[in-house]
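Each chain is listed here by its residues.
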Amino acid sequence: MKAMVLEKFGEPLVLKEVPEPKIEQGEILLRVQACGLCGTDIKIFDGHVNTVKLPRIMGHELAGEVAEIGKGVEGWKEGDHGVVHIYVTCGNCYYCRTGRENNCNRGRKRIGFEDDGGFGEYVRVPSGNLCKISKKISLEEACILSGSVATPLHGIRTQGRLKAGETAVMIGIGGLGIHTLQLAVVMGARVIAVDIAEEKLEAARRFGAEATINSSKSDFVSEIRRLTDGEGADLIAEIVSGSQLPSILEASVKALRLGGRLVLLGYQYGQLFSLDPAKIVYDEIEIVGARASVRQDLADVISLVERGKVQPVISERFPLAKANEAFVKLRNSASLGRIILTL
Ligand SMILES: [Zn+2]
Ligand SMILES: [Zn+2]
């Protein structure tokens, strides 16, 4: 099969003919049709994710068609469409037992990281990691659900405990942000979107943001305070990366109401930010991280998309062989929606 292979960190992926994966008991062979590109792919590519060993077929937002079914697998037939939940976990550790399998610490592997992923024509997937999706949803839209939509759901629902009627601020309306925003709207929050690009703020309003703030033109902290009668936001989802991240985080804390939650979805390794402990104590604010998602997040997201409640947003499509061009694009522009590869 054809695959784009990462052979050396920091060097272009190489288009190669490689053997098709062989499936074992309990596994499904998926013919990959589309794969999303994520900021984490750049971190893998650059060699910052130290669990990734080379050569590796990257790609961790993938969807496709069932090509072959292993022994002992029930509930699937050839041709079914599925979206991959990439965390292959032990099922027995403390984290797996308590519904936090994304934190599994016994032999966890992630498809597209420690195992081969969606930058190749076929991938082997444990059947429990494949979530069925209606054929009414294109596989191009389906592929981005595991990363760009399930991750924000985990972030604002589980980690951020967003409730109907609350004010939720989205900082950064990119590939993740545009979906975080839609989820917050569906969950009944009043959503305020913050970005520096006017066209993204326009899109945010189209998708249900009740107010938008262009942070290149005005101070977003005072704007949030003004829009909330001086109270501040119940929840702020931070969905940016890059060198401005520490200053955004330091400012965001000042825009929270007492007891407000700051949820971190974007990050960059080693970027420190400072915080007055007294602020945390007296204001009872919470700062929480959100790592990927659990399988139920993906199942819920699929249901939301199938019922038309959330619209997957794709910014650009590249054929697999042009993955390197897609990477350049991803690195240089924070686009609205996801860049995907098609196979
Ligand atoms: Zn990702
Ligand atoms: Zn586990």
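Residues numbered from 1 in each chain as written. Chains lettered and ligands numbered in written order. Predicted model: local features only at pLDDT ≥ 70, side-chain atom pairs only at ≥ 80, totals over all residues. Heavy atoms only, no water.

Enquirer: Please give an account of the coordination of the zinc ion (ligand 2) that cites residues and values.
Expert: Taken together, the protein donors to the zinc ion (ligand 2) comprise Cys90 (SG), Cys93 (SG), Cys96 (SG) and Cys104 (SG), at separations of 2.3 to 2.4 Å. Each of the four donor atoms bound to the zinc ion (ligand 2) contributes to angles spanning 107 to 115°, and the resulting shape is tetrahedral. Motif for the zinc ion (ligand 2), donor spacing along one chain: C-x2-C-x2-C-x7-C. Taking relative accessible area as the criterion, cysteine 96 reaches 13% and is therefore assigned buried. The exposure class of cysteine 104 is buried, given its relative accessible area of 3%. (Donors = N, O, S within 2.8 Å, 3.2 Å for Na, K, Ca; no water. Tetrahedral: all angles 85-135°; square planar, octahedral: opposite > 155°, others 65-115°. Buried < 20%, exposed > 50% of the residue type's maximum accessible area, 1.4 Å probe, protein only.)

Enquirer: Report on the nonpolar core, specifying residues and quantitative values.
Expert: If you look at the biggest cluster of nonpolar residues, it comprises 47 residues, and the most contacted ones within it are Leu145, Met170, Leu181 and Ala184. When contributions to this core are tallied by element, the ones reaching two or more residues are α3 (139–143), α4 (145–159), β10 (167–171), α5 (177–186), β11 (190–195), α6 (198–206), β13 (233–238) and α10 (295–306). Formed jointly, this core draws a minimum of three residues from each of two domains, domain 1 (2–144 + 312–342) and domain 2 (149–289). Discounting chain neighbours no more than four positions away, the residues touching leucine 145 are Ile133, Ala150, Leu298, Val301, Ile302, Val305 and Pro312. (Core = buried A, V, L, I, M, F, W, Y, C linked by side-chain atoms within 4.5 Å. Helix = DSSP H or I, 4+ residues; strand = E, 2+ residues; numbered from the N terminus. Domains from an automatic or database assignment. Contact = heavy atoms within 4.5 Å.)

Enquirer: Residue-level account of the packing of α4 against α5, with values.
Expert: Taken N-terminus to C-terminus, the directions of α4 and α5 make an angle of 50°; their axes are 9 Å apart at the nearest point. In this view, α4 runs oblique relative to α5, as classed from their interaxial angle. Between α4 and α5 lies a crossing whose hand is right-handed. Contact with α4, carried on its side by Ser148, Val149, Pro152, Leu153 and Ile156, involves His179, Thr180, Leu183 and Ala184 of α5 and no other residues of that element. Taken together, the residues of the contact of α4 with α5 sort by class into six nonpolar, three polar and no charged. (Axes fitted to C-alpha atoms, helices over the stretch in contact; angles between N-to-C directions. Parallel < 35°, antiparallel > 145°, perpendicular 65-115°, else oblique. Left-handed = near helix turned anticlockwise from the far one by under 90°. Nonpolar A, V, L, I, M, F, W, Y, C, P; charged D, E, K, R; others polar.)

Enquirer: Please provide a residue-by-residue account of the domain arrangement of the protein, values included.
Expert: Here the protein is partitioned into domain 1 (2–144 + 312–342) and domain 2 (149–289). Summarising the inter-unit geometry, the C-alpha centres of domain 1 and domain 2 are found 28 Å apart. With 14 residues of domain 1 in contact, the opposing surface of domain 2 contributes 16 residues. The junction of domain 1 with domain 2 conceals about 1,100 Å² of combined surface from both sides, 59% of it contributed by carbon and sulfur atoms. Remark: the boundary between domain 1 and domain 2 carries zero salt bridges. At the junction of domain 1 and domain 2, the tally comes to three residue pairs in polar contact (both at pLDDT 80 or more). Residues belonging to the side of domain 1 that touches domain 2 are distributed by class as follows: six nonpolar, five polar and three charged. (Buried area = accessible area lost by both parts, 1.4 Å probe. Salt bridge = Lys/Arg side-chain N within 4 Å of Asp/Glu carboxyl O. Polar contact = N/O pair within 3.5 Å; in protein donor to acceptor, adjacent residues only side chain to side chain.)

Enquirer: Please set out the environment of leucine 341 residue by residue, giving values where relevant.
Expert: Relative to the helices and strands, leucine 341 resides in strand β17 (residues 338–342). Linking leucine 341 and phenylalanine 318, residues 23 residues apart in sequence, is a C-alpha distance of 4.8 Å. Leucine 341 has contacts with Gln33, Ala34, Cys35, Leu37, Phe119, Phe318, Pro319, Leu320, Ala323 and Ala326, leaving out every residue within four places of it along the chain.

Enquirer: Which residues make up the packing of α4 against α10, and what are the values?
Expert: The interhelical angle for the contact between α4 and α10, taken along N-to-C directions, is 110°, at an axis separation of 9 Å. Here α4 lies roughly perpendicular to α10, going by the angle between them. Across the interface between the two elements, Leu145, Ser146, Val149, Ala150, Leu153, His154, Arg157 and Thr158 from α4 touch Gln296, Asp297, Leu298, Asp300, Val301, Ile302 and Val305 from α10. Class assignment for the residues of the contact of α4 with α10 results in eight nonpolar, four polar and three charged.

Enquirer: An account of the layout of surface pockets is requested, with residue identities and associated values reported.
Expert: By volume, the second largest pocket amounts to about 340 Å³. Pro21, Arg56, Asp115, Asp116 and Arg124 are, among the 22 residues lining the second largest pocket, the residues nearest its centre. Considering every element that reaches the lining of the second largest pocket, the biggest residue donor is strand β8 (residues 122–126), with five residues. (1 Å grid on protein atoms, 1.4 Å probe; cavity = no way out; pocket = protein on both sides within 12 Å on 5 of 7 lines; lining within 4 Å. Points joined across faces, edges and corners; volume = space filled by probe spheres on them.)

Enquirer: Give a detailed account of α6, specifying residues and quantitative values.
Expert: An α-helix turns once every 3.6 residues. As a result, residues three or four positions apart point the same way. Among the residues making up α6, those that are buried are Lys200, Leu201, Ala203 and Ala204. The buried residues of α6 all sit within an arc of 155° when viewed along its axis, so they share a single face. In this structure, α6 carries Glu199 and Arg206 as exposed residues pointing more than 90 degrees from its buried face. As for α6, its buried residues are in contact with α5, β11 and β12 (211–214). One or two positions beyond α6, positive phi appears at glycine 208, with a value near 110°. (Arc of directions from axis to C-beta.)

Enquirer: Report on a negative patch on the surface, specifying residues and quantitative values.
Expert: Residues Glu17, Glu20, Glu68, Glu78 and Glu121 make up a contiguous surface patch of negative charge. Among the structural elements, glutamate 20 can be located in the loop between β2 (14–17) and β3 (27–36). (Patch = residues over 30% accessible without salt bridge, like charges linked within 9 Å, V, L, I, M, F, W, Y side chains within 5 Å. Areas by Shrake-Rupley, 256 points an atom, 1.4 Å probe, with all protein chains shown as cover. Lys, Arg positive; Asp, Glu negative; His and termini not counted. Charge placed at Lys NZ, Arg CZ, Asp CG, Glu CD.)

Enquirer: I'd love a proper account of the coordination of the zinc ion (ligand 1), names of residues and values included.
Expert: Geometry reference: four tetrahedral donors at a metal, ideal angle 109.5 degrees. Six octahedral donors, ideal angles 90 or 180 degrees. The zinc ion (ligand 1) binds to the protein through Cys38 (SG) and His60 (NE2), with metal-donor distances spanning 2.1 to 2.2 Å. With cysteine 38 in the loop between β3 and α1 (39–45) and histidine 60 in the loop between α1 and β4 (62–69), this pair connects stretches of sequence that are 22 residues apart. The exposure class of cysteine 38 is buried, given its relative accessible area of 11%.

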